[in-house]
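Each chain, written out:
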Amino acid sequence: ALNCIQLYSWFSRSRDRFHDDLLQAYQRMLDLIPQNIWLGQNVKRRYEQVPQIGDAVNGAAAAAIRSGNFTRALEWLEEGRNIVWGQVLQLRTPVDDLRQKHPGLADKLERISHELELGASSAGSFRTLSPTNAALSCLCPLEEAENHHMRAVQYEKTLEEIRGLDGFETFLKPKKIGELIPASQDGPVITLNVHESGCDALVLARSGQIVHVPLPGFSHAMAKRLQRSLMSYESSGRRDNGRKLVK
């Protein structure tokens, strides 16, 4: 899905025009990322997905900025930041919080999510049978499609039930701009977005206004070089500190 979105994004840029369909595709992708990353993934797999998620979020934000939708771009960047740093720092996940207060619902959501994943990957492939998927192995494509649809409906209903609980109204949802404004009360908050299609800064003022600052003198390639330089500097610093400790 991500590859299709990236291809469509390139197609739109190559003709110097923009399609609302691209933003809608990105929105759907970003709606699914929290559900995919927090449900049914072990820590190792989550960590492996961090670079891909970061690139996807930067691409989505760049598309939103190009369309003039700075609010959506900032919301997407904040959601991506929360997910990526949540993985790097191994913070508590939203599902962890749900399980602490409503363990039955947490188990139910993870079970349905796992069944959906099995159903999506079963078509045209061989898999080792387990008690969970053995009953699905003999189903014809039509029956599998019907079962997949049924589980998708169950999944959405379970999400709706969870979001009806006190304190879980925004469960697996990105923050809205109203939730970000308080962070700017002590001064403007500047968020940078670096992508191959362009680099930009979004400045969130205390009033809630978002100011767009294009960065034509900066590029994705320059950011990569700076990242490598920083990592090299940090690595050499650790080696130097180690030598000092040995002495």
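Look a little higher up for the structure.
Q: Would you mind going over the pairing of strand E1 (residues 189-195) with me for this structure?
A: If a strand is regular, its side chains alternate between the two faces of the sheet. Bridge count for E1 against strand E2 (residues 198-204) is seven bridges, and the pairing is antiparallel. For Leu192, the partnering residue across the bridge sits in E2 and is Ala201. Hairpin connection from E1 to E2: two residues lie between these consecutive antiparallel strands.

Q: Just checking my understanding: could you explain the packing of aromatic side chains for this structure?
A: How two aromatic rings sit relative to each other is given by the distance of their centres and the angle of their planes. Applying the stated rule across the entire model yields one aromatic pair. When the centroid spacing of 6.3 Å and the interplanar angle of 65 degrees are considered together, the rings of Phe168 and Phe171 count as edge-to-face. Look at Phe171 and you get buried, because its relative accessible area is 4%.

Q: Even after reading the chapter, I still don't get the pattern of salt bridges, so can you show me in this structure?
A: Think of it this way: side chains of opposite charge can pair up when their charged atoms draw near. Enumeration according to the criterion identifies five salt bridges in this entry. Its salt-bridge partner being Glu110, residue Arg99 comes within 2.8 Å of it at the nearest N-O pair. Placement of the pair is Arg99 in helix H5 (residues 94-101) and Glu110 in helix H6 (residues 103-122), with a sequence separation of eleven residues. Overall, Arg99 belongs to the partly exposed group, its relative accessible area being 28%. According to the relative accessible area criterion, Glu110 is partly exposed, its value standing at 25%. As a salt-bridge pair, Arg111 and Glu115 come within 3.5 Å of each other at their nearest N and O atoms. In this pair, Arg111 and Glu115 are both assigned in helix H6, four residues apart and thus about one turn of the helix distant. The class of Glu115 is buried, set by a relative accessible area of 13%.

Q: Explanation requested: the nonpolar core in the structure shown.
A: A general trend in soluble globular proteins is that nonpolar side chains are found buried together. Counting 26 residues, the largest nonpolar core has Tyr26, Leu30, Leu74, Trp76 and Leu202 as its most contacted members. Among the elements of the structure, helix H2 (20-38), helix H3 (43-66), helix H4 (70-88), helix H8 (177-180) and E2 are those that each provide at least two residues to this core. Among the elements that line this core, the one with the most residues is H3, at nine residues. When near neighbours in sequence (up to four residues on either side) are disregarded, Leu30 contacts Val57, Ala60 and Trp76.

Q: I would appreciate a short explanation of the environment of Met222 in the present structure.
A: Summarising the element assignment, Met222 is placed in helix H9 (residues 220-246). A relative accessible area of 29% means that Met222 is categorised as partly exposed. Residues Met222 and Val194 lie 28 residues apart in sequence; the distance between their C-alpha atoms is 9.7 Å.

Q: What should I look at first to understand the sheet that holds strand E3 (residues 210-214) in this one?
A: Hydrogen bonds between backbone groups are what pair the strands of a sheet, and the pairing can be parallel or antiparallel. Taken together, the three strands give an open sheet; going across it, the order is E1-E2-E3, and neighbouring strands pair in antiparallel fashion. Strands at the two margins of the open sheet, each flanked by one partner only, are E1 and E3. Recorded for the sheet is a direction-independent mean angle of 20 degrees between the axes of neighbouring strands. The pairing of E2 with E3 spans five bridges and is antiparallel. Paired with Ala201 across the strands is Val213, a residue of E3.

The rules we used
Residues numbered from 1 in each chain as written. Predicted model: local features only at pLDDT ≥ 70, side-chain atom pairs only at ≥ 80, totals over all residues. Heavy atoms only, no water. Pairing = 2+ DSSP bridges. Helix = DSSP H or I, 4+ residues; strand = E, 2+ residues; numbered from the N terminus. Phe/Tyr/Trp six-rings, centres within 6.5 Å; stacked < 30°, edge-to-face > 60°. Buried < 20%, exposed > 50% of the residue type's maximum accessible area, 1.4 Å probe, protein only. Salt bridge = Lys/Arg side-chain N within 4 Å of Asp/Glu carboxyl O. Core = buried A, V, L, I, M, F, W, Y, C linked by side-chain atoms within 4.5 Å. Contact = heavy atoms within 4.5 Å. Axes fitted to C-alpha atoms, helices over the stretch in contact; angles between N-to-C directions.

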